[in-house]
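# Residue-level structural notes
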Amino acid sequence: MSLRGLTWTPPFLAVYLVCYAAWLLLGAPSGTYAPLLANLLIVPPSLLGALVVWQVARRSKMSPFRTWRWFSYGLLFYGLGLVVYTIYNALGQSPFPSLADLAYLAALLCFSVGLFALKRERLGLLHTLSFLTDAALVTLVLGDLLWQISIRDTLNEYAQPSLALWASLAYPVMDLLLCAATVTLALWRPLGIQRRVVALLAAGMLSYLGTDVVYYDMLARETYAPGALIDFGWPLGAFLIAWAAYLSSQAQAHSLLHHPSGERWKRLLPHYAVLTVFVAYLGTHLRAPLDVPQQVVLWLVVALFVLRQFLVLTDNQHLQVRLTHRAEHDPLTGVRNRHDLEGGLQRQIDEARTWNGTVAVLFVDLDRMKLINDTFGHPVGDQILRAVAERLAAQLPPNAVISRFGGDEFVAVLPNAAAPQAAQVAQALLDAVGQPFQIGPEMLNLTASIGVALAPDDASDAAEAIGHADAAMYRAKQAGKGTWRFASEQLNGLHMPQAQMEVLLRGALERGELSMHFQPLLDLGSGRVRSFEALMRWVSPLLGSVSPADFIPVAEAREMMGSLGQWALRESIRQMCAWQTELPGVSVAVNVSAMRFAHPDFVADVCAALADHGALPQLLTLEVTESAVLADVKQARHQLMELRALGVRVALDDFGTGYSSLGQLRSLPVDVLKIDRVFIQDSQTDGAFIEAMVALGHSLDLMVVAEGIEDACTVARLRQLGCDLGQGFYFARPQPADEAVAAMVQAQGSLLSEFQWQPDGVE
């Protein structure tokens, strides 16, 4: 039989119940067969209801079929129990305890399992605990009622454990379980089921529960007889369950999304019902004398209600926080949305005007996002936007705020940020966006354009500041994208050269624009070349030849010296190995930045570079500045000891410009002192300082090198002071390796003769 063939069943059951109710109200006829007839009239609604619900469970795809299957089992068990009960009565045997009780209890259990089997929305812990507390509260109230009308008398009636005792106690236990399931159904609405279906199910369960409670009370008072009005409750419950199943099978998908007017009131109705139960319970118990179990239940009910209110209030607070967060933040990226952007920015501008400060507004627009969306689809574009938002937020100062302004536009607000800091942050944002994005199997590259406005200098209010930053962003796009611009042209002229240098420097190594030049270090006693210092040079197609004094600080500030320093070390070692055929034993000296020297893998990188080129460690000298060593003397000593164990020599560069003490110098395992050019270029005035530094170096068994030698007089004076090696334009300017080596090979003879006859003191 199909569902369409059962369309007659609900109307038939409704008519049947009306007739049955009329029969009960008019007074069931008395006589020998009256109890038998009264019991038989309860059976059809349960069995027909079981048939309807079973067909719904079998055929309907929209309904929760497991729940309906359990309800069909429950109705079937209830109907069979009624049949068995009627047979016992007809045979004149006591129906208690019997198989009928087993069927009734199985029916109550099936109803409870069916209700708990409904799928529900996953809620937060506090919300779930609140629902469960409500269910426990109502169940306790019902338990107290059952205690008064049934359980207490049952325990008093049966002095010894027996099957009748356990059957009598099983009924209220099953009813309490069904009560908990019903309250949960009313408060925690299941998924995939209409509200009217939920209401019918709840009404059906309440009909069974209410009828059972009144039935227990009438049994206790010995006033029950078959055909009483209370008998109407059981077939009514079966009819309501069958009707709910039938309506569920007729539901359309759109009905699950329809929210009629008054929906909020209907959702709150079960909670008001719980409150009403609690108030009614207190009203009936506070003035009446209570035995010990009732007192325990009363305090449990009060405690549960207090706990419920606490959970509700706490959950409401958390809900308020979530709603506020949802209202102020973009659902896709998680950063703030533009809802409160202007208001917050205006407050910061007003504060900046009061305290004579500056607020920086950075308008970020992603380049090529439309192409990415068109090529890879919007899901990939959404992942890109989330990753971009995360990177942008990570680059901002702690007090800054990033907001999503539009589709691929973001606005960053930096309080108390002047032009230099704004420029630095803008470049950091560009660098972050410029890193490749790994989205699934795809490696995607992206750039951004940024406009920067400073308020209140560029704009007097928030809307104007955002507009100026937006206009500056479009000028950045016109300049070639992947860059940033100030709204003020004066600031662009002041800050853009350094920013442009930074952008161009980032790809200089890959483009082959960097090279190493070498300047010789000569023995001031013999005139022989002992080493070459490796110096990095950069020739940009756009900027021309850039001085190391300009680009090295930029590289250090933007953390680019790691890769540049590693390349410089390997290139210098490679060139040193190449000139060994013409200048055997001549070493190379390589400058090391403070950041590179402090890196934990620095010594390992040096060892790997030497091994890759087959170079002797003693032919490598690493020059570290005095300030780099003094930044962390303990770590520096550890690094220096590892380098000495490797066989690499270490020179303390720019000696005399720092603040190292004699005690610190004695504890550092260095091999060479390089006197800074500041002292050498004024050797007549600073002669005493130079002599003291040379003497200090020799007393520590260190070789002393003088930098910045530019004339013969300085050479003679340094020889007189006992300096070991010299370096400067007087001997040779930095040149590419092949030119520097050729020049030294050619000039070696003349240098030797010059140093042999040159007197020790020349004015």
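Residues numbered from 1 in each chain as written. Predicted model: local features only at pLDDT ≥ 70, side-chain atom pairs only at ≥ 80, totals over all residues. Heavy atoms only, no water.

A few words on the overall build of the chain. Across its full length, the chain holds 28 helices and 18 strands. Counting all 763 residues of the chain, 49% fall into the buried class. Restricting the contact set of the chain to residue pairs at least 6 apart, pairs at least 24 apart contribute 72%. (Helix = DSSP H or I, 4+ residues; strand = E, 2+ residues; numbered from the N terminus. Buried < 20%, exposed > 50% of the residue type's maximum accessible area, 1.4 Å probe, protein only. Contact = heavy atoms within 4.5 Å.)

With that settled, the discussion passes to the packing of aromatic side chains. Tallied over the full model, the rule gives 20 aromatic pairs. A centroid spacing of 5.3 Å and a plane angle of 65° characterise the contact between F363 and F405, whose relative ring orientation is edge-to-face. Placement of F363 in strand β2 (residues 359–367) and of F405 in the loop between β3 (401–404) and β4 (409–414) is noted, with a sequence separation of 42 residues between them. A connected cluster of aromatic rings, assembled from ring pairs, spans W68, F71, Y78, Y104, F111 and Y208. Here R338 stacks its cationic end above the ring of F405, 3.9 Å away from the centre of that ring. Above the plane of the ring of F729 lies R733, whose end atom (NZ or CZ) is 4.0 Å from the centre. (Phe/Tyr/Trp six-rings, centres within 6.5 Å; stacked < 30°, edge-to-face > 60°. Lys NZ or Arg CZ within 6 Å of the ring centre and 35° of its normal.)

Residues spaced three or four apart along an α-helix face the same direction, because each turn holds 3.6 residues. Under the 1.5 Å per step criterion, the end-to-end length of helix α26 (residues 687–699) is 18 Å for 13 residues, consistent within 8% with the ideal 18 Å. Within α26, the full set of buried residues consists of G687, I690, M693, V694 and G697. The arc that holds the buried residues of α26, viewed along the axis, is 130°, so those residues lie on one side. Every exposed residue of α26 that faces more than 90 degrees away from the buried side is listed here: A688, F689 and S699. Buried residues along α26 sit in contact with β14 (649–655), β15 (672–675), α25 (677–680), β16 (703–706) and α27 (712–721). D701, located one to two residues past α26, shows a positive phi value of around 60°. (Expected span 1.5 Å × (residues − 1). Arc of directions from axis to C-beta.)

Enumeration over the complete set of coordinates arrives at 14 salt bridges. Across the pair D374 and K370 runs a salt bridge whose closest N-O atoms are separated by 2.9 Å. Remark: K370 and D374 occur in helix α13 (residues 369–376); sequence separation between them is 4 residues, near one turn of the helix. With respect to class, D374 is no different from K370; both count as exposed. When the shortest N-O distance is used, the salt bridge between R511 and E513 registers 2.6 Å. Judged by its relative accessible area of 45%, R511 falls in the partly exposed class. (Salt bridge = Lys/Arg side-chain N within 4 Å of Asp/Glu carboxyl O.)

This next bit is on the nonpolar core. With 74 residues, the main nonpolar core has F518, F532, W538, W579, V606, L620 and L622 as its most contacted residues. Ranked by residues supplied to this core, first place goes to helix α19 (residues 561–578) with 6 residues. Those residues in contact with V606 that sit more than four places away from it in its chain are L569, L620, L622, L643, L646 and V648. The next biggest cluster of nonpolar side chains, apart from the first, holds 58 residues, and it includes Y78, A107, A181 and A245. (Core = buried A, V, L, I, M, F, W, Y, C linked by side-chain atoms within 4.5 Å.)

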